[in-house]
Protein chains: 2
Amino acid sequence: MSRPCRIAVDLLGAELPAADLLNGATDALKQHPNCELTFICDQRTLNESVSSSQRIIHCEHWVREQDTLREVLSERRTSSMHIGMHLLKEAAVDGFVSVGSTGALMALGRFLLHTPQGIDRPAVIKEFDGRQRSFWMLDLGANIVRKPSTLHQFARLGMAYASQVGKVKKPRVALLNIGIEERKGPALLRDAAEMLEQTRKLDFVGFVEPNRIFDDIADVVVTDGYAGNIALKSVEGTVNFIRDEFLNELAEDSDDDAAKLVRKSARKRFRRLMKKLDSQRHNGASFVGLNRVVVKSHNSTTEAGMTAAVDQAVREVELRVPDKIEKFFNKE
Amino acid sequence: MSRPCRIAVDLLGAELPAADLLNGATDALKQHPNCELTFICDQRTLNESVSSSQRIIHCEHWVREQDTLREVLSERRTSSMHIGMHLLKEAAVDGFVSVGSTGALMALGRFLLHTPQGIDRPAVIKEFDGRQRSFWMLDLGANIVRKPSTLHQFARLGMAYASQVGKVKKPRVALLNIGIEERKGPALLRDAAEMLEQTRKLDFVGFVEPNRIFDDIADVVVTDGYAGNIALKSVEGTVNFIRDEFLNELAEDSDDDAAKLVRKSARKRFRRLMKKLDSQRHNGASFVGLNRVVVKSHNSTTEAGMTAAVDQAVREVELRVPDKIEKFFNKE
């Protein structure tokens, strides 16, 4: 690409100071020197040397988790999220990373951007490492789903993402449920399963339980935003818990040389594995089903997490993900 | 206790052969020599030497996952689950362990046994290891909850269990949700939160996200059966995935002596931690809110898992858990 990839980064409302997250975001440029970042944050929280060397849009208002839909859409027009979404809508930037509320991003995205033909709502999608290969899970928390047709749309979005972006030839699609038998779980899931079974051109493999998602049963795991977010955060919590407990366990070692060697080597190997699974390094969760790149970052992200989220946005812009998803739906 | 503790074990419909699970269950007697087991299984699947040395009730029918409520309650009267529940109701045994469907156990339990004053439905509860101390989560899959008052009842059941069985003085109760802000998640949870806030004698600490349940925020985590089962199985799947990946990672070591030492020691330490978290060793999930001890075992349990489930049932009988829960509600 000769034209630089331009990303807007909304830092307002995050737990860490904006200056730290700005550093984290800027670290992503090492991998992507052709990228330009525009930060939306409260300039007063940065020192002058930072302010003068970066593109910054000063803003003091942000959408809060407790805001109602009406507040998000009409009363928070001066918020950092509105500014970022408008830059995106007017193509003044190519991608948008926000630490703001997932629900508000969803609502504003639907309001200001487009969804593909036949898709009412975007969903949050994430790639997970599995035993044999990666898989994708959606929706991870943007929607509270009430209609089976919404899950059906998510299945098609996931299929589009796995095939167009993940290069999976014929993605196997499963519905996340609390059992694999036909009658298990809420009626919503059973009705969605029936719709999916009747859909040609979609390889529906049935229900999958959360303890089997890593086992290469499906390439796309479809879930409502509630169960999806519960599953995502349960995985994250368990990874963090095991990491900390095992590193503690190793620290309790005696201090002779052999023990030190064990500790060092085991720690290295364990860290390598945990790095792969670490939610902070996998911080960016993408919206799929919008005509622009929107990446949601944890509000509690670390610097490294912010690097990962910006990296994720740049890669999606470079891969032209929204165009590819759109093309998939136009072809169908 | 001078009188033996009598446990009925329903093995029909499990994935492993009944003979193996029978061995697993019998292993629990090493810890509990004063316990008598009665197995409900298909005698034809055992060899004669086993049959003659054990108490066995022959049965060929079991409740299936896909059975409707009507089928469970009226058409499966000759099933292994009915036999076990009737033994329990008539006090011919003190506890019942079943590999059968959780939903069917719930339905039959409500139908044949009692719930405490003010409690409509029992719930599945499990103790988890946290960073500082244990916590309890319920309901883990017995109910699809539609009313906030049901979650309120689960909160009280969890509080009763943590205080009476777990000896927690003033249990902190939280609701599992996808965010901690007041407006997060389904209306069901927000309404339940409002009810819990207004309840005196209950220390409600608000919402907790699944990535924080290990962090000593609450002693009791209340959830509907759907999200609870999703969370439980996500934790289990992640534990299994990390265990296998790390043991693989260690196996890829080179073969000199130092490396062997590392591998052996790291493996030992890691296994010790994983043992603590292993779902098979934590296989038994108890029903709370019935006047008898009922323990649900994974249908895919191993021999060691069956040992754990029987052990769980014996300990609950010896601790007189149902009486203590009942007393808690009568005092209130």
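The structure we're discussing is the one just above.
Predicted model, so just to flag it, every value in this text is computed and none were measured.

With that settled, consider the overall build of chain A. Secondary structure assignment for chain A yields 11 helices and 11 strands. Against the compact-globule benchmark of 20 Å for 332 residues, chain A has a radius of gyration of 21 Å, which places it among compact chains. Expressed as lengths along the three principal axes of its C-alpha atoms, the size of chain A is roughly 60 × 60 × 40 Å. Considering only intrachain contacts with a sequence separation of at least 6, the fraction spanning at least 24 residues in chain A is 69%. A total accessible area of about 14,300 Å² is found for chain A, and carbon and sulfur atoms account for 45% of it. For chain A, the distance from the average position of its 48 positive side-chain charges to the average position of its 46 negative side-chain charges is 5 Å.

All right, on to unusual backbone geometry then. The residue after Leu138 of chain A, namely Asp139 of chain A, is reached through a cis peptide bond having omega -10°. Within the secondary structure, Asp139 of chain A is located in the loop between β6 (135-138) and α6 (148-164). Positive phi, normally seen in glycine, also occurs at Asp216 of chain B, with a value near 60°. Taking the relative accessible area as the measure of exposure, Asp216 of chain B reaches 19% and is therefore buried. Of note, the phi angle at Arg320 of chain B is positive, near 50°, even though the residue is not glycine. Here Arg320 of chain B lies in the loop between α10 (303-318) and α11 (321-331). Judged by its relative accessible area of 41%, Arg320 of chain B falls in the partly exposed class.

Here the focus is a negative patch on the surface. Taken together, the side chains of Glu182, Asp191, Glu194 and Glu197 of chain A make up a negatively charged region of the molecular surface. By the element assignment, Asp191 of chain A lies in helix α7 (residues 187-197).

Residues and elements named next belong to chain A. Every buried residue of helix α11 (residues 321-331) is listed here: Val321, Pro322, Ile325, Phe328 and Phe329. One side of α11 holds all its buried residues, which, seen down the axis, span an arc of 125°. Exposed residues pointing more than 90 degrees away from the buried face of α11 are listed as Lys327, Asn330 and Lys331. Looking at the buried side of α11, the elements it contacts are α6, β10 (285-288), β11 (293-296) and α10 (303-318).

Attention shifts here to the interface of chain A and chain B. Each side of the interface is counted separately: chain A has 56 residues, and chain B has 56 residues. Summing both sides of the interface, chain A and chain B together bury roughly 5,200 Å²; the carbon and sulfur share of this comes to 67%. Remark: the boundary between chain A and chain B carries four salt bridges. Between Arg131 of chain B and Asp244 of chain A there is a salt bridge whose closest N-O contact spans 2.6 Å. At the junction of chain A and chain B, the tally comes to 10 residue pairs in polar contact (both at pLDDT 80 or more). At the level of secondary structure, the elements contributing two or more residues to the side of chain A that touches chain B comprise α8 (225-251) and α9 (257-277) of chain A. Looking at which element gives the most residues to the side of chain A that touches chain B, the answer is α8 of chain A, with 20 residues.

Here we take up the state of the cysteines. Simply put, the disulfide is a covalent bond whose two ends are the sulfur atoms of two cysteines. Residue and element names in this part refer to chain B. Inspection of every chain in the model, using the stated rule, returns zero disulfides over all chains. Between Cys5, a cysteine without a disulfide, and Cys35, which holds the nearest cysteine sulfur, the sulfur-to-sulfur distance is 4.5 Å. Under the relative-accessibility criterion, Cys5 is labelled buried at 1%. Left without a disulfide partner, Cys59 is nearest to the cysteine sulfur of Cys41, which lies 9.0 Å away. Its relative accessible area of 3% is what places Cys59 among the buried residues.

Residue and element names in this part refer to chain A. As for its placement among the helices and strands, Ser101 is situated in the loop between β4 (95-98) and α5 (102-112). The buried category is assigned to Ser101, whose relative accessible area is 7%. Within the structure, the side chain of Ser101 is placed 3.3 Å from the backbone nitrogen of Gly103, a separation counted as a polar contact. When near neighbours in sequence (up to four residues on either side) are disregarded, Ser101 contacts Glu65, Met81 and Lys296.

Here the distance between the centres and the angle between the planes together describe a pair of aromatic rings. The full count for this structure, using the stated rule, is nine aromatic pairs over all chains. Look at Phe128 of chain A and Phe135 of chain A: their rings are 5.2 Å apart centre to centre, the planes differ by 10°, and that puts the pair in the stacked class. Here Phe128 of chain A and Phe135 of chain A have matching classes, each one buried. The rings of Phe128, Phe135 and Phe214 of chain A together with Phe241 of chain B are connected pair by pair, giving a single aromatic cluster. It is Arg64 of chain A that lies over the ring of Trp62 of chain A; its NZ or CZ is 4.3 Å from the centre.

Each value, and the rule that gives it
Residues numbered from 1 in each chain as written. Chains lettered and ligands numbered in written order. Predicted model: local features only at pLDDT ≥ 70, side-chain atom pairs only at ≥ 80, totals over all residues. Heavy atoms only, no water. Helix = DSSP H or I, 4+ residues; strand = E, 2+ residues; numbered from the N terminus. Rg over C-alpha atoms; globule rule 2.2 N^0.38 Å. Contact = heavy atoms within 4.5 Å. Areas by Shrake-Rupley, 256 points an atom, 1.4 Å probe, with all protein chains shown as cover. Lys, Arg positive; Asp, Glu negative; His and termini not counted. Charge placed at Lys NZ, Arg CZ, Asp CG, Glu CD. Buried < 20%, exposed > 50% of the residue type's maximum accessible area, 1.4 Å probe, protein only. Patch = residues over 30% accessible without salt bridge, like charges linked within 9 Å, V, L, I, M, F, W, Y side chains within 5 Å. Salt bridge = Lys/Arg side-chain N within 4 Å of Asp/Glu carboxyl O. Arc of directions from axis to C-beta. Buried area = accessible area lost by both parts, 1.4 Å probe. Polar contact = N/O pair within 3.5 Å; in protein donor to acceptor, adjacent residues only side chain to side chain. Disulfide = S-S within 2.5 Å. Phe/Tyr/Trp six-rings, centres within 6.5 Å; stacked < 30°, edge-to-face > 60°. Lys NZ or Arg CZ within 6 Å of the ring centre and 35° of its normal.

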